[in-house]
Amino acid sequence: MKKTLLATLILSSFVSGAVSAATVYDKEDTKLSIGGRAEVRALFSDAVDGSMLDESRARINFEGETKISESLSGFAFMEYEIKPGEVAENRYLFAGIGTEAGDFSYGRQDTASVQISDMTDIASYHSGLQQYIDSASDKESNNFVFANNSIQGLALKANYIANGSETEGDAAEDAFGLSALYSMDFGLDLGASYADQDQQNQVTLGAGYTFEDLYLAATYAMGSVADNDDFTSVEVAAQYKFTKEFRMIAMYGTAEEDLAGDTEDYVALEGQYRFNKNLRTYASYKLDNTDAGDDELVAGLRYNF
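Calculation notes
- Residues numbered from 1 in each chain as written.
- Predicted model: local features only at pLDDT ≥ 70, side-chain atom pairs only at ≥ 80, totals over all residues.
- Heavy atoms only, no water.
- Buried < 20%, exposed > 50% of the residue type's maximum accessible area, 1.4 Å probe, protein only.
- Helix = DSSP H or I, 4+ residues; strand = E, 2+ residues; numbered from the N terminus.
- Pairing = 2+ DSSP bridges.
- 1 Å grid on protein atoms, 1.4 Å probe; cavity = no way out; pocket = protein on both sides within 12 Å on 5 of 7 lines; lining within 4 Å.
- Points joined across faces, edges and corners; volume = space filled by probe spheres on them.
- Nonpolar A, V, L, I, M, F, W, Y, C, P; charged D, E, K, R; others polar.
- Salt bridge = Lys/Arg side-chain N within 4 Å of Asp/Glu carboxyl O.
- pLDDT = per-residue confidence, 0-100.
- Contact = heavy atoms within 4.5 Å.
- Polar contact = N/O pair within 3.5 Å; in protein donor to acceptor, adjacent residues only side chain to side chain.
- Core = buried A, V, L, I, M, F, W, Y, C linked by side-chain atoms within 4.5 Å.
- Patch = residues over 30% accessible without salt bridge, like charges linked within 9 Å, V, L, I, M, F, W, Y side chains within 5 Å.
- Areas by Shrake-Rupley, 256 points an atom, 1.4 Å probe, with all protein chains shown as cover.
- Lys, Arg positive; Asp, Glu negative; His and termini not counted.
- Charge placed at Lys NZ, Arg CZ, Asp CG, Glu CD.
- Phe/Tyr/Trp six-rings, centres within 6.5 Å; stacked < 30°, edge-to-face > 60°.
- Lys NZ or Arg CZ within 6 Å of the ring centre and 35° of its normal.

### Observations concerning the pairing of strand β17 (residues 279–288)
The side chains of a regular strand alternate between both faces of the sheet.
Stage number 1. Across the two faces of β17 the burial differs, with Arg 280, Tyr 282, Ser 284, Lys 286 and Asp 288 buried and Leu 279, Thr 281, Ala 283, Tyr 285 and Leu 287 not buried at all.
Stage number 2. Note that strand β16 (residues 261–274) and β17 share nine bridges and pair antiparallel. Looking at the pairing, Arg 274 lines up with Arg 280 of β17.
Stage number 3. Between β16 and β17, which pair antiparallel in sequence order, lie four residues.

As structure tokens, this is what we get:
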């Protein structure tokens with residue numbers, strides 16, 4: 001059953017350097033892994049003041065697992081990102097319990113909707129449009145998540161964000177999300193999610209198809225960004241592996257809000273060469289069709305460790 005094909009595609013692409021993490025401790029049913037990436041990126045655009053903009057970054061993450069009993073385990077994950085001349089930023093920090101009914105976790109982590117938006121978020125730089133509102137985005141704090149992958153081919157997720165503030169009256173309302181992703185034997189993935197907070201809400205629908213070295217996917221989102229201000233967005237992705245090392249990725253994204261009009265309208269094409277599982281280089285060109293937009297070229301070299 002191809003229940004993990006989409007997840008493997010996403011992890012092996014661009015979501016996290018943890019795919020090549022090294023196990024530094026594995027003893028007495030407890031394991032610790034360390035991973036990350038060093039990625040130098042240059043952005044060229046008319047919108048840049050000067051020759052180019054340095055978009056480089058580095059990430060380091062730690063993942064732990066421990067077996068409590070035959071049906072119970074514990075896990076934790078944290079990741080930090082560092083950009084040149086800036087303070088390290090916490091991206092993920094969560095811990096949880098794994099049971100036969102599913103995994104329960106709390107901390108700074110992805111919302112339920114992300115497993116649907118990730119279907120088209122496969123490019124090195126120019127993708128990720130469908131994380132449109134905060135309650136449908138990754139790396140959200142104070143986030144309770146339940147994930148169940150025990151039903152063959154079906155991945156279910158639910159999350160609840162318990163917003164709070166030290167200053168009375170400053171906190172937003174709590175948020176929640178639900179999602180389901182079903183993977184079929186012949187390479188088709190179908191998914192849907194819903195996220196809600198205050199006057200914002202988002203429904204995301206996704207479909208992906210894998211056939212040998214070809215991957216095609218589309219996501220559609222609709223909802224409200226504020227009272228009396230609705231939005232719709234579409235993201236389409238295609239990837240083809242010409243060889244083990246070289247692949248091409250094409251992206252199309254568009255979004256429109258009732259009050260703001262077109263907020264996104266672009267086409268991007270990326271060429272990527274993977275020397276091995278650790279080192280890759282890529283170049284991506286984005287053609288921006290919005291009135292105030294500028295085309296841009298991004299070139300990068302990334303080392304996973």
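### Some details on the layout of surface pockets
Stage number 1. When its volume is computed, the second largest pocket comes out at roughly 720 Å³.
Stage number 2. Every residue lining the second largest pocket is counted, 24 residues in all, and those nearest its centre are Arg 57, Arg 59, Asp 121, Asp 138 and Lys 139.
Stage number 3. Put simply, the parts of the chain that give the lining of the second largest pocket at least two residues each are β2 (30–45), β4 (57–69) and β6 (89–99).
Stage number 4. With three residues, the top contributor of residues to the lining of the second largest pocket is β6.
Stage number 5. Looking at the lining of the second largest pocket, its residues break down into six nonpolar, four polar and 14 charged.

### Description of unusual backbone geometry
Stage number 1. The phi dihedral of Lys 139 is positive, around 55°, even though this residue is not glycine.
Stage number 2. Mapped onto the secondary structure, Lys 139 falls in the loop between α2 (114–117) and β8 (140–148).
Stage number 3. You will see that Asn 142, though not glycine, has its phi angle at about 55°, which is positive.
Stage number 4. Its location among the elements puts Asn 142 in strand β8.
Stage number 5. Assessed through its relative accessible area of 30%, Asn 142 is described here as partly exposed.

### A closer look at the pattern of salt bridges
Stage number 1. Applying the stated criterion to the full structure yields eight salt bridges.
Stage number 2. Note that Lys 67 is salt-bridged to Glu 70, the shortest N-O span being 3.2 Å.
Stage number 3. Overall, the relative accessible area of 73% leaves Glu 70 in the exposed class.
Stage number 4. Where Lys 139 meets Asp 138, a salt bridge forms, and the shortest distance between an N and an O atom there is 2.8 Å. For the residue pair Lys 139 and Asp 138, the accessibility class agrees, reading buried in each case.
Stage number 5. Overlapping salt bridges bring together Arg 37, Glu 39, Arg 57, Arg 59 and Glu 81 as one network.

### Some thoughts on the side chain of Ser 224
Stage number 1. By secondary structure assignment, the location of Ser 224 is in strand β13 (residues 214–226).
Stage number 2. On the basis of relative accessible area, Ser 224 is assigned to the buried category, the value being 13%.

### A few points about the confidence of the model for the protein chain
For any part of a model where pLDDT is low, the fine detail of the predicted coordinates should not be relied upon.
Stage number 1. Residue-level pLDDT values for the protein chain average 91, and 91% of them are 70 or greater.
Stage number 2. Considering only residues more than four positions removed or in separate chains, one finds that residues 1–17, a stretch of pLDDT under 50, has 60 contacts.

### Points about the side chain of Ser 183
Stage number 1. On the secondary structure map, Ser 183 appears in strand β10 (residues 175–183).
Stage number 2. Within the local environment of Ser 183, its side chain forms a polar contact with the side chain of Asp 189, the two groups lying 2.5 Å apart.

### A word on the nonpolar core
Stage number 1. In this structure, Met 119, Ile 122, Leu 181, Tyr 215, Ile 249 and Met 251 are the most contacted members of the largest nonpolar core, which totals 13 residues.
Stage number 2. Listed by contribution, the elements that provide at least two residues to this core are β13, β15 (246–257) and β16.
Stage number 3. Among the nonpolar cores identified, the runner-up in size contains nine residues, and Leu 129, Ala 195, Val 225 and Ala 255 belong to it.

### Overview of a negative patch on the surface
Stage number 1. A cluster of acidic residues, Asp 26, Glu 28, Asp 29, Glu 63 and Glu 65, forms a negative patch on the protein surface.
Stage number 2. Along the polypeptide, Glu 65 turns up in strand β4.
Stage number 3. Overall, Glu 65 belongs to the partly exposed group, its relative accessible area being 37%.

### Regarding a nonpolar patch on the surface
Stage number 1. Together, Phe 44, Met 52, Val 236, Tyr 252, Val 267, Tyr 285, Leu 287 and Leu 297 give the surface a local cluster of nonpolar side chains, amounting to about 640 Å² of exposed area.
Stage number 2. The class of Leu 297 is partly exposed, set by a relative accessible area of 32%.

### Some words on the packing of aromatic side chains
Stage number 1. Tallied over the full model, the rule gives nine aromatic pairs.
Stage number 2. Considering the side-chain rings of Phe 77 and Tyr 92, the 6.1 Å spacing of their centres and the 65° angle between planes classify their relative orientation as edge-to-face. Residue Phe 77 is found in strand β5 (residues 72–82), and its partner Tyr 92 is found in strand β6; the two are separated by 15 residues along the sequence.
Stage number 3. On the basis of relative accessible area, Phe 77 is assigned to the buried category, the value being 12%.
Stage number 4. With 4.6 Å between their ring centres and 40° between their planes, Tyr 106 and Phe 144 make a pair best called tilted. Of this pair, Tyr 106 sits in strand β7 (residues 102–109) while Phe 144 sits in strand β8; the two residues are 38 residues apart in sequence, bridging distant segments of the chain.
Stage number 5. By relative accessible area, which is 38% here, Tyr 106 ends up partly exposed.
Stage number 6. On the basis of relative accessible area, Phe 144 is assigned to the partly exposed category, the value being 41%.
Stage number 7. Members of the aromatic cluster, connected to one another through ring pairs, are Phe 77, Tyr 92 and Phe 94.
Stage number 8. Across the ring face of Tyr 266, the terminal group of Lys 286 is positioned such that the distance to the ring centre comes to 4.9 Å.

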